[in-house]
Amino acid sequence: MTLQLPDPVQAARDEAERINANRAQFLEFPIDRVLTDAPWVKRQDLTAGLADFHRERMAKIPSKAAYPEAAPWIESALARDRELKAQAKLSDEEMAVFRSLVPYITFRGFKQAGLALKPRPATDEKCRSAYIPDTDRGEVAIKNVDDPLTHWKPDPKPLSGAGPLPDLRSDGVGNGLHMDDEPDELFPIPVMSMLRHHANDVPSAVQFLTRYRKFWGGSNLLLHDKQKRSAAVEKCSYSHIEVFHPGPDGRSHISGMTCRDANSPQGKFQASQRRKYVDLFKLPLDGPDMTFWAGCAKFEAKLSAGLAALGPRPRWDDLLKLFITRWPEGLNKYGLRLHPNQGLVGYTLIIHASLITERKSLRWQRSEDGKTFDAQPQECSY
C-alpha cells in the first residue's frame, strides 16, 4: 500500500496560519511560562544555546538502515520546516523555540544553568485514562483531562461524532521530567503520526513504539484495538520504556506524571532524576516539588484501586462515579492544592468518555471560572 503522508507545504501553511494569528502564544508564551515560574531567571540565560541545539537536532538524521520507515517522514519534516520558516517569517531563534524548547531545557538547560537557574515550581499533574472492555454497557474508554485554569475556556461547539473507529486507538497523558539523559538520536521524528500509518493493532504498536523509543518520551500511552486487546506504555524518559499488558479482565489504564512500578528500571530512573533536581537546587524534601510527585502517585493508586474495586463486570455508573466524583473520594479535581507553595492549582477541566459498543461519545466540561462542572454530559453518536 502506498504511504500517503501529509502534504508538507499544506502542513506548513496550517502551522504558519496558527502562528501568525497569535505569535506571542507560540513564540513568547512557552518561554514566559518558565520565566513566570522562575522570575529570577534572565531570558538570555534560559535560552543560551537553544538555537545551536535546534540546528544540531535537525542535522542529526537517523540511519535509514536502522529506521527505514522514517526516511520519507524525515524528508517531509525538513520540507515542512523550510516552508514554515518562510511562511511565518521565523528567525532561527524563533524556529528553535517553536520546535525544540522543551527538549533543550530537559536535556541541557537545567544541567547547564546549574545553580544560576533557580527551579521552576512543579506544574499540575495531568490526566488519567482507562479502557474497560466489558462493562454493563459494553466496551468503554474514559479520560479525565487536568490542567490549571490559566487559559481555560470551555469548548462552546457541540460535541461531534468521531467517524468510523480506527483499528488501533491511542490516548496519552503527560509524564515529563525536569531533567532527562540526552539520547544519541535527536531528530524530531513524528513518532505518534507514524504510529497511525505503521501499526494497526496493539501488538504491532507496542513493537513500533519500542523500536523508536529513543525518539519520544515525556508521556504515557493507552492503546486498544478492535480485538479488545490493550496495553499501557509508560515512558517518562527517552532512555526507558515499560509496557504493561492487562490481566484476565482485559483492562488497562495510565496516569499522568508517574511510573506505577517504583522498582522497575524506569521507576528507579525517574526517582533518581527527581532527586538530582532537588539536590541541584537545594530544595527541601517536603517542598512543593516532592509533594507534587507524591500527589501523582496518590492519583495513580486511587485509579488503580478504584478500577479493581469495580468487580468482574463493572457497571458504567460506578466507573463514571470514580472519574467524576470530587477528590479524594474520586478523581475529579476542584482547585486542588497539595502544598501551600504550589505554583499552579489543579482542576479537572474535561471528562471524555466513549461508549464504544454503543457508538456514543460523551463530554463533561468545567465552567470558565472553575466553580462548577457539568451535571449532564453533551452526547453524540458516531
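In this text, all values refer to a predicted model and were calculated from it rather than measured experimentally.

Each value, and the rule that gives it
Each chain carries its own residue numbering, running from 1 in the written order of its sequence. The predicted nature of this model means local features are confined to residues of pLDDT at least 70 and side-chain atom pairs, given and counted, to a pLDDT of 80 or more, with totals for whole chains, interfaces and linings taken over all residues. Hydrogens are left out, water is left out, and the side-chain values use all remaining heavy atoms of the structure. Under the scheme used here, helices are H or I runs from DSSP no shorter than 4 residues and strands are E runs no shorter than 2 residues, and both carry numbers assigned from the N terminus. Here the expected length of a helix is defined as 1.5 Å per residue gap, with one fewer gap than residues. Each residue is assigned to one of three classes by its accessible area relative to the maximum for its type, calculated with a 1.4 Å probe on protein chains only: buried under 20%, partly exposed between the two thresholds, exposed over 50%. An arc is given here, and it is the one of the directions from the helix axis to the C-beta atoms. We call two residues in contact when some of their heavy atoms are within 4.5 Å. Pairing between strands is defined by DSSP: at least two bridges between the two strands are required. Fitting a line to C-alpha atoms yields each axis, with helices limited to the stretch in contact; the angle taken between N-to-C directions then spans 0 to 180 degrees. Note on angle classes: values under 35 degrees are labelled roughly parallel, values over 145 roughly antiparallel, values of 65 to 115 roughly perpendicular, and the remainder oblique. Crossing handedness follows the turn of the near helix against the far one: under a right angle anticlockwise gives a left-handed crossing, and clockwise gives a right-handed one. Take a side-chain nitrogen of Lys or Arg and a carboxyl oxygen of Asp or Glu: if they are within 4 Å of each other, that pair is a salt bridge. When the sulfur atoms of two cysteines come within 2.5 Å, that pair is taken as a disulfide. Under the rule applied, a polar contact is a pair of N or O atoms within 3.5 Å (in protein, one hydrogen donor and one hydrogen acceptor; residues adjacent in sequence only if both atoms are side-chain atoms). Neither His nor the chain termini are counted; the positive set is Lys and Arg, and the negative set is Asp and Glu.

Draft legend 1. Geometry of helix α11 (residues 288-308). Spanning 21 residues, α11 covers 30 Å between terminal C-alpha atoms, matching the ideal 30 Å at 1.5 Å per step. Those residues of α11 lying buried are D289, F292, W293, G295, C296, F299, E300, L303, G306 and L307. Angularly, the buried residues of α11 cover 155° about the axis, an arc narrow enough to put them on a single face. Projecting away from the buried face of α11 at angles above 90 degrees are the exposed residues K298 and A308. As for α11, its buried residues are in contact with β1 (128-135), β7 (252-255), α10 (265-280), α12 (316-324) and β8 (334-336).

Draft legend 2. Quick look at the pairing of strand β10 (residues 360-365). In terms of burial, β10 is largely enclosed, as 5 of its 6 residues are buried. Both strand β9 (residues 346-355) and β10 contribute to a ladder of 6 bridges, which runs antiparallel. In the strand pairing of β10, H352 is matched with R363. Counted along the chain from β9 to the antiparallel partner β10, the turn is 4 residues long, and its residue R359 has a positive phi close to 55°.

Draft legend 3. Structural detail: the packing of helix α1 (residues 8-21) against helix α6 (residues 70-87). Remark: α1 packs on α6, axes separated minimally by 8 Å, with the N-to-C direction vectors making an angle of 40°. Comparing the axis directions of α1 and α6 gives the class oblique. Viewed along their axes, α1 and α6 form a crossing whose handedness is right-handed. Along the contact surface, α1 presents P8, V9, A11, A12, R13, E15, A16, I19 and N20, while α6 presents S76, A79, R80, E83, L84 and Q87.

Draft legend 4. Expanded view of the pattern of salt bridges. If you walk through the whole model with that rule in mind, you get 30 salt bridges. Linking D201 and R229 is a salt bridge whose minimum nitrogen-to-oxygen distance equals 3.6 Å. Here R229 lies in the loop between β4 (219-225) and β5 (230-235) and D201 lies in the loop between α8 (191-198) and α9 (202-211), a separation of 28 residues in the sequence. Using a relative accessible area of 19% as the deciding quantity, one classes D201 as buried. Relative accessible area serves as the criterion here: at 34%, R229 is assigned to the partly exposed category. The network of salt bridges with shared partners includes E15, R80, D81 and R99.

Draft legend 5. Molecular detail of the state of the cysteines. What the rule picks out here adds up to 0 disulfides. The structure places no disulfide on C259, whose sulfur is separated from the nearest cysteine sulfur, that of C236, by 4.0 Å.

Draft legend 6. Local environment of the environment of L349. For L349, the position within the fold is in strand β9. Contact partners of L349, with chain neighbours within four places excluded, come to V145, D146, D147, P148, L149, W152, W364, Q365, R366 and F373.

Draft legend 7. How the structure looks around the side chain of S230. Mapped onto the secondary structure, S230 falls in strand β5. Residue classification places S230 among the buried residues on the basis of a relative accessible area of 5%. There is a polar contact of 3.2 Å between the side chain of S230 and the backbone oxygen of G250. A polar side-chain atom of S230 sits 2.7 Å from a polar atom in the side chain of S252. Excluding residues that lie within four positions of it along the chain, S230 makes contacts with Y131, V202, L223, H224, H245, P246, G250, R251 and S252.

Draft legend 8. Here's a closer look at α6. Between its first and last C-alpha atoms α6 spans 25 Å; for 18 residues at 1.5 Å apiece the expected length is 26 Å, and the two agree. Along α6, the residues that are buried comprise A70, A71, W73, I74, S76, A77, D81 and L84. Phi for K89, located one or two positions after α6, is positive at around 55°.

Draft legend 9. Structural context of the side chain of K235. Inspection of the secondary structure assignment puts K235 in strand β5. Buried within the structure, K235 lacks any salt-bridge partner; its nearest side chain of opposite charge belongs to D180, at an N-O separation of 7.0 Å. At a separation of 2.9 Å, a polar atom in the side chain of K235 contacts the main-chain carbonyl oxygen of S237. In contact with K235, other than residues within four places in its own chain, are N175, R213, W216, G217, G218, S219, N220, H240, I241 and Q266.

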